[in-house]
Amino acid sequence: MNINGLASLPLSIGQVRLGGRFSPGIDLTFTVRQPEIYVRNWRDEGVGPFRIEPKPLSYNNLQENVPVLSAGYVPLRTLGKGLVEPGDMTKFMSVPWHTDYNSCATHTTSPSVPNNTTLYWSWPAQRPVNVHLASEVTAEGQPGVQRYSVRGTGTESPNPANQGRYQDIKDILPNWDKIGFVIQDTAIVGGRRNPDQFLEVQSKLTGEPDPVVTPWPMNDSGQS
């Protein structure tokens, strides 16, 4: 849910972070591909390549009832220098994008592979389905059971393929900012200093039940 430094966007997001073509993505949309938003003569202006050229904003001449921002950058309709205003890079994303985050938890191979029970996690690096809570790390440094990263009231489902998301997609809107962060244990205050552990911290999701992650049947040794 974080936007990386804009200087490396065409490469880092398109090829590394999401592992494929950037059309569209979960950080930015097609606007990042528009050449007119970048500083063209970047060598002469003493900046690096792929730098966004922002519209100059003057805070010294503000007038009451006069908006600071305009309609901003609109592809194929805006010309000239200094095109990009705050919010322009993300305003063409799905509205609200949080529902996309909620929906893209898991998916099956069907219909491309009929009758296959294999379950995949969508974007596991950006949207982990299961996590270990830093608060549950034992004195021996064991992280304990796995929990759903999206959990609590409204996420209950008897089908393990539907756990880890709000069953009513609209419920993600007031709760998206309560989802925790997964960071390296060495960066956690009071952590066990195990560089191999990445644990969830700062989750504000509440409510019961808070279930332990249920293995999908195809991963259960007792089932095929």
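Structure report, in brief. All figures in this text were calculated on a predicted structure; none of them were measured in a lab.

**Section: the environment of aspartate 88**
Next, step 1: Assignment of secondary structure puts aspartate 88 in the loop between helix H1 (9-17) and helix H2 (97-103).
Next, step 2: Along the backbone, aspartate 88 and glycine 72 are 16 residues apart, and their C-alpha atoms lie at a distance of 6.3 Å.
Next, step 3: Apart from the residues within four sequence positions on either side, aspartate 88 is in contact with Thr31, Ala71, Gly72, Tyr73 and Leu83.
Next, step 4: Among the polar contacts listed, one links the side chain of aspartate 88 to the backbone nitrogen of glutamate 85, at a separation of 2.7 Å.

**Description of the nonpolar core**
Next, step 1: Core analysis: the biggest nonpolar cluster contains nine residues, these being Leu28, Val32, Ile37, Tyr38, Ile52, Tyr73, Leu83, Val84 and Met89.
Next, step 2: Once residues within four sequence positions are removed from consideration, isoleucine 37 is found in contact with Thr31, Val32, Arg51, Ile52, Glu53, Tyr73, Leu83, Val84 and Met89.
Next, step 3: Residues Tyr101, Tyr166, Ile172 and Ile179 belong to the second largest nonpolar core, which totals six residues.

**Looking at the side chain of glutamine 34**
Next, step 1: Considering the arrangement of structural elements, one finds glutamine 34 in the loop between H1 and H2.
Next, step 2: Sequence-distant contacts of glutamine 34, defined by excluding residues within four places in its chain, comprise Tyr73 and Pro75.

Definitions and cut-offs
- Residues numbered from 1 in each chain as written.
- Predicted model: local features only at pLDDT ≥ 70, side-chain atom pairs only at ≥ 80, totals over all residues.
- Heavy atoms only, no water.
- Helix = DSSP H or I, 4+ residues; strand = E, 2+ residues; numbered from the N terminus.
- Contact = heavy atoms within 4.5 Å.
- Polar contact = N/O pair within 3.5 Å; in protein donor to acceptor, adjacent residues only side chain to side chain.
- Core = buried A, V, L, I, M, F, W, Y, C linked by side-chain atoms within 4.5 Å.
- Buried < 20%, exposed > 50% of the residue type's maximum accessible area, 1.4 Å probe, protein only.

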